[in-house]
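Chain by chain, the residues:
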Amino acid sequence: MKKKFLSLVLALMMLLSLVACGGNNNPPAEPTPDTPPVDDPATPDDTQTPDEPAEAVNYKDLTREDVDIYDEVFGEFYEAYMAAKEEQNVPMRYAKMAIAEAKMLEGAVMVPKNSLGGGYAISRSVPYTVSPCLWGMDEYRWEKRLVTNELIRSEDIAALQAMYGELKVSAPGTYYTEAQKYLADKGYTLKDSYTESARFNDDLTTWDILSTSLQANSEFICKTISGLLQYDNENIPQPNLATEWTESDDHLVYTFKLRQDVVWTDSQGREVGKLTADDFVAGFQHMLDTMGGLEVLVDGVIVGVHEYINQEDTDFNNVGVKALDEYTVEYTLTKPTSYFLTMLNYGLFCPMNRSYYESQGGKFGEEFDSAAADYNYGKTPDTIAYCGPYLVTNYTSKTILSYKANPTYWDADNVTIKSITHLYDDGSDPTRSLRDCLAGSIDGTGLGTSALEIAKQEKAPIDGEDITVFDAYHYQSSTNATSYMGFFNLNRKAFANYNDATKAVSSQTEEDAARTHAAMMNPHFRMALLAGYDRGAYQEQRVGEELKYAALINTYTPGDFVSLGEDVTIDINGTATTFPAGTNYGVIVQAQIDADGLPIKVYDPEGNGGAGSSSGFDGWYNKSFADSEMAIAIEELAAQGLEISKENPIQIDVTFAGNVESFVNCANVTKQCWEAIGGGVIQVNLIACADMPEWYDSGYFPETGAEMNFDYTDTSGWGPDYGDPSSYLDTLQPNGEGYMAKSFGLFWA
């Protein structure tokens, strides 16, 4: 460790010397647009509208090797996590992963922000008629959604929610039918279309479900394709393209029998082939060939994957995915994997029609080349094959994305929604979606602070009742397992957007950048930022005062994501500690943090109605702790030759979407919070991006750590791909194995 700090000091001194001698000094749930900040301790009195940045400078490599940085910052987490991954006993595995997560959180490498949902909304969509599964893509599969022509009254939403909870226990599988009876009795009528406003980017980066791990792509593509299994509205996995499956006694081989009546079509509904077991083999190989981020999920899980993606063995025949006959596919695992079946509703296990893929210029193995002149697969909705419930009918950038029911879909008779439409909304008008919903143009909307005020004043279109829109129709949406996080860039190399050097340009000099890097590498500096961040005030700008804590999270993996199936005794700082069966994951995370003596609360045993939760409160904000941590950071960095003071502050670039009112307000909350720490030793530079796509380009769409253009961003988050904590924690692994490591400016370079 001493050697590493020394290398940092020398690098910083060399850089500062270069600048002094004449070196070149030329100088991202979904939030709802809302009103300006209310009077709050963390609300700026004078909001900053950033000046036009100076011309981008070609920065030199200012920083250290990624592997050294990772080892220094994530080393304790990684050691604990590797031990957890080797554990075969599932409850013990969960306990060890919880301890690893505690170590990661204590490193203050990222800011837990919020889950998706938790705000007020109005809707025509019937609750619990879409899968509530916390992982994979089934929450975006809407073919059996129930939608009414009328906005659903608040009391009816509550009654349906109560009915769901009761019937799920007393009469499983009956809610869907009983909900329709209830609605008919109340005078509601059902329709077969669903329309929503959406902020899809200029263009999806791909329509190939097997080549992307971006939710911004997969949530739209998944409607066009089916998988082996699908979770129903009661979160029970049901047969989809598979009719049955078996697991070997040693838990290493899974065999699936396929439906024999499934066809592939093009976007016009013309048949291009029959679904066979080979489609799953072709799809899996293509997924590995594209190296789009999905392959890391099965590296070390499926036999031969590690060797294939690392080009140690280029013969795909040695990978454990086989077509045993025309309608039987087999997967062979490297070791028993308790969560394997929960992975099957995500994109990486989707099939692909081999002959159609090849007709679009696709090749396999060493011949795969997505940049080839004749390669068209997945570039538009017209260059993929469909076997799912919907066909894309219109995709116009920044305007509309629409689908119609696929008449050849194997379960077409049970598709209730015959058309789906996403209408583009750039977020610049914070009340547009409310007006559209009341007019019937869209079927539901969240109520951000601006829309909420209107809903509380405007009268509902209900004859004979003196009631507001809010009182008539509002409900609080459920939260899910998505963890939106803020990320600190530990090794920044980009100071303008990777795809357009004129966008989101930093005004920092090379000296500024070197100082910021040195500060970001200090754990007390990062902890000061995290503890000094009033995240409730941030959320208030999006959902209002009343619900500012509703979706607030305090961990990366939700504290109730998994629980122990049996008693577990584990060592915590030298003390054997027993956690009984049923203990939630978050309890163990909190126990390790408490043992390490940090004044941080990440789990509330009384939360979620007494069931326990890691969300719904702010367990990090502690201004006095932030100031004390900053004082330690200043002292440690001064010993390394780096002065931090009010006269010589550390600069932190924060990018945000400047055309969305709530984003501007949130950015200014961030600025005021951090500039108040330690008596003003931080200068936050707010870099306003012209729109959402430009903001995404600064910290969401970059494929490498070297392309990440920020010191801090909250453009991204993670939703689980399967039902195990490793679905979150795997993303933090080094050397390109962890997908989210790039968000810290590391790896994937």
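The present account deals with the structure reproduced in this document. Bear in mind the structure is a predicted one, so any value in this text is a computation, not a measurement.

**Structural notes on the overall build of the protein chain**
Scanning the protein chain from N- to C-terminus turns up 20 helices and 24 strands. For the protein chain, the C-alpha radius of gyration of 26 Å lies close to 27 Å, the compact-globule estimate for 749 residues. Counting only C-alpha atoms, the protein chain reaches 75 × 70 × 60 Å along its principal axes. Among the 749 residues that make up the protein chain, the fraction classed as buried is 60%. Carbon together with sulfur atoms contributes 48% to the accessible area of the protein chain, which is approximately 28,100 Å² in total.

**Some points on unusual backbone geometry**
The backbone of N235 sits at a positive phi, close to 65 degrees, despite the residue not being glycine. Mapped onto the fold, N235 is located in the loop between β6 (229–231) and β7 (237–239). Look at N235 and you get partly exposed, because its relative accessible area is 25%. Here the phi dihedral of N608 falls at roughly 55 degrees; this positive angle occurs in a residue that is not glycine. Its location among the elements puts N608 in the loop between α16 (585–595) and α17 (623–639).

**Remarks on helix α13 (residues 510–520)**
The element α13 is extensively covered by neighbouring structure, given that ten of its eleven residues are classed as buried. Burial in α13 covers these residues: E510, D512, A513, A514, R515, T516, H517, A518, A519 and M520.

**Let's talk about the side chain of D425**
Relative to the helices and strands, D425 resides in the loop between β16 (419–424) and α10 (432–439). Classification of D425 by relative accessible area gives buried; the value is 7%. Side-chain polar atoms of D425 contact the backbone nitrogen of G427, separated by 2.9 Å.

**Observations regarding the nonpolar core**
Residues F525, Y556, I652 and W674 are the most contacted members of the largest nonpolar core, which totals 105 residues. When residues of this core are assigned to their parent elements, the largest contribution, ten residues, is made by helix α3 (residues 90–106). In this structure, I209, L210, C222 and F340 belong to the second largest nonpolar core, which totals 76 residues.

**Focus: the packing of aromatic side chains**
Tallied over the entire structure, the rule returns 45 aromatic pairs. With a centroid separation of 6.5 Å and 70 degrees between ring planes, the pair formed by F74 and F77 is classed as edge-to-face. Linking F74 with F77, this pair stays in helix α2 (residues 66–86), spanning three residues, or about one helical turn. Taken individually, F74 and F77 each receive the classification buried, so the pair is uniform in this respect. Each residue in the set Y70, F74, F77, Y78, Y81, F487, F744 and F747 is aromatic and connected to the rest through ring pairs, giving one cluster. Stacked on the ring of Y538, the Lys or Arg K113 has its end atom at 3.6 Å from the ring centre. In this structure, R145 is placed above the aromatic ring of Y194, and the distance from its NZ or CZ to the ring centre is 4.2 Å.

Conventions adopted
- Residues numbered from 1 in each chain as written.
- Predicted model: local features only at pLDDT ≥ 70, side-chain atom pairs only at ≥ 80, totals over all residues.
- Heavy atoms only, no water.
- Helix = DSSP H or I, 4+ residues; strand = E, 2+ residues; numbered from the N terminus.
- Rg over C-alpha atoms; globule rule 2.2 N^0.38 Å.
- Buried < 20%, exposed > 50% of the residue type's maximum accessible area, 1.4 Å probe, protein only.
- Areas by Shrake-Rupley, 256 points an atom, 1.4 Å probe, with all protein chains shown as cover.
- Polar contact = N/O pair within 3.5 Å; in protein donor to acceptor, adjacent residues only side chain to side chain.
- Core = buried A, V, L, I, M, F, W, Y, C linked by side-chain atoms within 4.5 Å.
- Phe/Tyr/Trp six-rings, centres within 6.5 Å; stacked < 30°, edge-to-face > 60°.
- Lys NZ or Arg CZ within 6 Å of the ring centre and 35° of its normal.

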